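Residue strings, one per chain:
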Amino acid sequence: MLNSQRIFVQAIKTYCTEHGLAVDVCADGWLIVMRDGARRKLAFAYDLGLNSAVAHRIANDKSATSDVLALSGVACVPHTLFLNPELNAFVPPRGSWEAMLDLLQQSPGGIVVKPNEGTSGKSVFWVTSRPALELAVKRIFSTHTALAVSPYLDIEDEVRVVMLDGKPLVVYAKDRPAVTGDGRRSLLALALESVPAARRSSVLPGLFADFDRAALDAIVPAGERRLLNWRHNLESGAEPALLQEGGTRDACAALAADAAEAIGIRFASVDVVRANGAWQVLEVNSGVMMEALSSKHPELVQATYSAALREVFA
Ligand SMILES: Nc1ncnc2c1ncn2[C@@H]1O[C@H](COP(=O)(O)OP(=O)(O)O)[C@@H](O)[C@H]1O
Ligand SMILES: [Mg+2]
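Residues numbered from 1 in each chain as written. Chains lettered and ligands numbered in written order. Predicted model: local features only at pLDDT ≥ 70, side-chain atom pairs only at ≥ 80, totals over all residues. Heavy atoms only, no water.

1. Some remarks on the sheet that holds strand E9 (residues 167–175)
The antiparallel open sheet is built from 5 strands, whose spatial order is E12-E9-E8-E13-E14. Looking at the sheet topology across the chains shown, the edges are occupied by strand E12 (239–242) and strand E14 (278–285). Each strand axis lies, on average, 30° off the axis of its neighbour in the sheet, ignoring direction. Together, strand E8 (155–164), E9, E12 and strand E13 (267–275) form the strand contacts of helix H11 (residues 298–312), whose direction differs from that of E9 by roughly 145°. (Pairing = 2+ DSSP bridges. Helix = DSSP H or I, 4+ residues; strand = E, 2+ residues; numbered from the N terminus. Axes fitted to C-alpha atoms, helices over the stretch in contact; angles between N-to-C directions. Contact = heavy atoms within 4.5 Å.)

2. Considerations on helix H6 (residues 187–194)
Taken together, the buried positions of H6 are occupied by Leu187, Leu188, Leu190 and Ala191. Burial along H6 is one-sided: seen end-on, the buried residues are contained in an arc of 165°. Buried residues along H6 sit in contact with strand E10 (178–180), helix H7 (197–210), helix H8 (213–217) and strand E11 (225–227). (Buried < 20%, exposed > 50% of the residue type's maximum accessible area, 1.4 Å probe, protein only. Arc of directions from axis to C-beta.)

3. Section: the packing of aromatic side chains
Using the criterion set out here, one finds 8 aromatic pairs in the structure. Between phenylalanine 267 and tyrosine 305 the ring centres are 6.5 Å apart and the planes differ by 75°, which places this aromatic pair in the edge-to-face class. Here tyrosine 305 lies in helix H11 and phenylalanine 267 lies in strand E13, a separation of 38 residues in the sequence. Pair check on accessibility: phenylalanine 267 and tyrosine 305 agree, each one buried. Members of the aromatic cluster, connected to one another through ring pairs, are Phe8, Trp30, Phe44, Tyr46, Phe267 and Tyr305. (Phe/Tyr/Trp six-rings, centres within 6.5 Å; stacked < 30°, edge-to-face > 60°.)

4. Focus: the domain arrangement of the protein
Domain parsing of the protein yields domain 1 (78–152) and domain 2 (179–229). Taking only C-alpha atoms into account, the centre of domain 1 sits 28 Å from that of domain 2. (Domains from an automatic or database assignment.)

5. Examining the site of ligand 1
Every one of the 21 residues lining ligand 1 counts as a neighbour, but Lys62, Lys114, Gly121, Glu158 and His232 are closest to it. Backbone polar atom of serine 120 to an oxygen atom of ligand 1: 3.4 Å apart, as the coordinates give it. Take asparagine 233: an N or O atom from its side chain is 2.8 Å from an oxygen atom of ligand 1. In the complex, the protein chains occlude 98% of the 540 Å² of accessible area that ligand 1 would expose alone. When contributions to the shell around ligand 1 are tallied by element, the ones reaching two or more residues are strand E5 (111–115), strand E7 (146–151), E8 and E14. Grouping the constituent residues of the shell around ligand 1 by class yields 9 nonpolar, 7 polar and 5 charged. (Near = heavy atom within 4 Å. Polar contact = N/O pair within 3.5 Å; in protein donor to acceptor, adjacent residues only side chain to side chain. Areas by Shrake-Rupley, 256 points an atom, 1.4 Å probe, with all protein chains shown as cover. Nonpolar A, V, L, I, M, F, W, Y, C, P; charged D, E, K, R; others polar.)

6. Observations regarding the side chain of asparagine 84
Relative to the helices and strands, asparagine 84 resides in the loop between strand E4 (80–83) and helix H4 (97–106). In this structure the side chain of asparagine 84 is engaged in a polar contact, spanning 2.9 Å, whose partner is the backbone oxygen of phenylalanine 141. Leave out the neighbours within four places in its chain, and asparagine 84 touches Val91, Phe141, His144, Thr145 and Ala146.

7. Some points on the state of the cysteines
Enumeration over the complete set of coordinates arrives at 0 disulfides. With no disulfide of its own, cysteine 76 lies 15 Å from the sulfur of cysteine 252, the closest cysteine sulfur. Residue class for cysteine 252 comes out buried when judged on its relative accessible area of 0%. (Disulfide = S-S within 2.5 Å.)

What follows is the structure in structure tokens.
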């Protein structure tokens with residue numbers, strides 16, 4: 001999608017038109033200037049300018065986020081920081097490799113290695129062996145200055161809460177694409193037949209990246225459910241499903257509010273996960289992206305950005 005066609009850009013234009021504000025869209029929509037008479041407000045990327053610089057930077061840094069949350073007593077997935085050896089002036093004398101191996105050894109289910117400032121599930125690897133760890137580290141450090149390591153958790157649910165000034169505006173689960181075996185067809189055949197054409201280009205790349213040929217061609221036993229991607233990113237084919245009022249929604253919203261308060265962030269999306277029955281924060285995003293949600297719930301997305309923009313001009 002062109003930057004200038006992002007829902008974020010459209011939502012700002014709609015708000016400005018409805019409120020008689022002038023709007024200039026620059027850099028293909030990456031920079032937006034809104035004007036209310038002599039007052040001028042800026043939006044950049046997915047940022048409306050409501051968050052302080054330090055809150056924005058901490059939210060973008062997965063390891064700093066988990067440190068702040070842990071210090072504040074907010075349940076979270078630990079993320080340990082490792083710097084690219086290119087920055088070796090800042091790397092501890094013992095280097096990083098042994099400490100990474102220690103983390104791998106301490107986590108029987110493996111570890112997840114990801115860019116410390118990544119988004120959209122790009123370069124997020126689940127590794128269970130030393131060679132796989134070496135490969136993941138090499139790949140991430142070829143394009144990033146830092147990575148974060150977490151213990152792998154068997155995540156039952158991941159929920160996104162869009163927070164504005166302590167209030168949950170949107171709460172939705174991210175349902176991963178999955179197939180159920182029939183004892184006749186292979187994983188690849190089931191995926192090709194069950195994923196609608198419009199979603200294949202987001203679902204299939206993850207399938208080919210995560211499964212080898214033997215796994216793709218193996219017959220899935222009847223009744224057995226298989227996830228097509230272990231990650232919950234909407235960009236890799238997970239689908240947003242709004243949560244109804246109730247205990248789960250309340251628990252996620254309360255945890256997200258604690259996380260937002262700990263970081264001191266006003267407008268953010270907070271991702272919380274349930275593993276072994278307990279909810280914990282996985283990450284906080286300072287830029288609020290709702291591209292995937294908007295195809296199902298455009299009014300809710302507009303209402304959410306409009307609420308944030310009202311605060312911008314308050
Ligand atoms: N420690 C972990 N254990 C299990 N799954 C994880 C873990 N960390 C990340 N994931 C999976 O990978 C996805 C992407 O990781 P995330 O930390 O959200 O990075 P990104 O900013 O790229 O979305 C998550 O939605 C989740 O499904
Ligand atoms: Mg994520």
